[in-house]
Structure formats: structure tokens, C-alpha cells
Amino acid sequence: MDNPNSRSSHKDRTPTLGGISFFYTLIFALFFIKGKAEHLEYMYIIPGLTILFIVGLKDDMVVLSPGSKLIAQVLAISFVLVNDSFGIESLNGFLNIYEIPYYLYIVIAGFLMLTIINSYNLIDGIDGLASVVGIVIMVIYTTIFYLSNEYFFALLAITMNASLMSFFGFNVSSSKKIFMGDTGSLIVGFIISILTLKFLALEPTAYGELPFLLENAPLIAISILIVPLFDTARVFTIRIANKRGPFSPDRNHVHHVLIDFWGLSHKQASFIIGCFNILFVVLFIILGSKAKNLGMVIMLVSVVILLAYIFFKYNYNFTTLKQKILLRRKIDALKGKKESVTKKKEKKN
């Protein structure tokens, strides 16, 4: 059970082991779809899933240090990186980069997977957000892998999507609420990182049916993951600027800003962020069908700078933020009392 504290967005003790269902669903489904795996990818995915499941489960019951979780993540992704199916030998002309040495691929791919896993873990802060973002990402990857005839990964994305859609109803429920916990967020982040790596490792011939240029694939991948990547980069910058550790907890995430400063509910904030993710991907796919990658890089940087300006204009010192939240709650309470007194007077009259 998760006990609410000063940083929590919930008020009641809530179960946190929803991610257990993700693990068993994926393992069960892999036995049915393994025939579609051309390079026995499932044999390399299952050990990584199991490691993250055990570590996430323990972290939900007894909090682990960031270092312990990082070691487990490195061990889990090492199983994926040794499979030939995920090897990236070229960026196909992205920023004029063609050939990639094997040792550089290991470093880049490892860093990419670790970033995605931890970024997704960090956005799991309000009801429905991790589910909505995960569903959006899975729908996009299902479409990409179906069009590129990579049916094993399309079915893997569908399986993960089905789990998230089932979980979403409980996550936003008022009477049957459950969190996915680190067990769930680590597993979902791991699957997203696998799908991203496979997307970047697709053969040039597989891009024939995809609606964007081959050289723009890395930018399309960034656009698909824009929500967790932008939020993580922004939060880490704020924490380091405040002379705190990058993994220290606070309420500086984008979803917290939407709730604490703009007064949105959890469902509203999740819906807005999910819609932004969809629109961003559609925009980049349209641009990626014709524009050269340099122009798209400029576009991406411009959007990130604009978003950074919008969300950095607030004072995000944790003490000040906490004071503002408490002040808003007091004002809301006073307004509620005033309205109740007014209603009583009206009834008497």
C-alpha cells in the first residue's frame, strides 16, 4: 500500500502492485506469439522482464536505492543488446551519419534504453497519465511494426496496450483504485525501450510502407517519446539548479504543474498531455514525409525551447511551491465555507 505524504497526489492509502498483472500477461502472451519472432527475441526479452519484475516488486514493498535499480536495469537491457535483431549499424543519413561501430552502438543503445525506462518511471505521478502516454506510444508502435511487417513486435505492442487499457479503468476509479507501482512502470518502460530500439534497427527495405523518410526515423522516435523525455530533462535541470540530486523526489513534473498551478484534475491533465503527444507525433510524421532532418531538428529544438519557457517561468523551488499549494488549499477552503454560509442565509430568508 502507498501511504500519501506531502508530495502525493492522492489522499487515501492505495494498492501499488498493479504492475504484477503486466508481467504475467506479457509472459503468457509471449508463448503464443513467439512463432513470429525471427531471431528468437522472446528468449532475450523474458530474462530482462523477470529481472525488472523482481526489482520493481521489491521496490514497491521495500524502497530500493536508485543505484540498485540502475544495476538491475543495466543487467536487464544487456540481454536485449546481445540479440542481433536489435543491432543498429547505420542512421541512414541522419545528420550525415551512416555507419556506426559496434562498440558505439552498445553505448548509445544502452543509454537510450536506460533513459526511456527511467523517463517513463518518472511520469507515473498522477492517476491515468502513465497509462494514457503508454497507450498512445503502443498504438503508434503497433502501426509502425504492422506496416513494416514486423508482426512479433506489433503483437508485443498490442499485448502491452491491452494491459494498459485494462489497468487504466482501475487507475482512475474512485472506489477500486490501484497504482502500477515501480513494478509496472519499469516493465512498461522496458517494453517501450525495446520497441524504440527495434524501430531504429529496422532494415531500410522495411521503411517502404512507412509515411516518413528513412533518415528521419530518429526524430520520429523522439517525437513518440517526447512527453517522458522532455519532462525528465526539465525536472533534472530544475533539481540540479536547486543543488539537489537529479533523482530526489519533488512536485516539479509537468503533470504537477497542470494540477497545482492550473487547477486541473488528474483525468484532465492526463488527457491534455496524451493529446499533446498524439499531435506532436502526427506533426513530425507529416514533416518527416518531406522535410530534411536538419529542418526537423530545428523544429524540434524550437518546440522544446518554447515548452521550456512556458514551464520554467514559475518559481519551482520546492519550499516555495509547497507554500503556494497550501495557500491555494486554504483559499479554496475559505471559499467553500463562505459559500456554505451564504446558502444557509438564503435558506433562512
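Nothing here was measured: the structure is a model prediction, and the numbers come from that model. (Residues numbered from 1 in each chain as written. Predicted model: local features only at pLDDT ≥ 70, side-chain atom pairs only at ≥ 80, totals over all residues. Heavy atoms only, no water.)

Chemist: Mind showing me how you'd approach the packing of aromatic side chains here?
Modeler: Inspection of the entire model under this criterion finds 15 aromatic pairs. Here the aromatic rings of F199 and F212 are separated by 6.0 Å at their centres, their planes lie at 85 degrees, and the arrangement is edge-to-face. Here the residue F199 occupies a position in helix α7 (residues 181–200), and F212 occupies one in the loop between α7 and α8 (217–224), the gap between them amounting to 13 residues. On the basis of relative accessibility, which here comes to 0%, the residue F199 falls in the buried class. Residue classification places F212 among the buried residues on the basis of a relative accessible area of 5%. Summarising the aromatic geometry, the rings of F276 and F280 are spaced 5.6 Å apart at their centres and angled 40 degrees between planes, so their arrangement reads as tilted. With a gap of four residues between them, F276 and F280 both fall in helix α11 (residues 266–288), about one helical turn apart. In textbook terms, an aromatic cluster arises when at least three aromatic residues are bridged by ring pairs, as seen for F86, Y141, F145, F152, F153, F199 and F212. (Phe/Tyr/Trp six-rings, centres within 6.5 Å; stacked < 30°, edge-to-face > 60°. Helix = DSSP H or I, 4+ residues; strand = E, 2+ residues; numbered from the N terminus. Buried < 20%, exposed > 50% of the residue type's maximum accessible area, 1.4 Å probe, protein only.)

Chemist: Explanation requested: helix α5 (residues 129–147) in the structure shown.
Modeler: An α-helical segment advances 3.6 residues per turn. Residues three or four places apart therefore align on the same side. Between its first and last C-alpha, α5 extends 28 Å over 19 residues, near the 27 Å set by a 1.5 Å rise per residue. With respect to burial, α5 is a largely interior element, 15 of its 19 residues being buried. Phi turns positive one or two residues past the end of α5, at N149, with a value near 65 degrees. (Expected span 1.5 Å × (residues − 1).)

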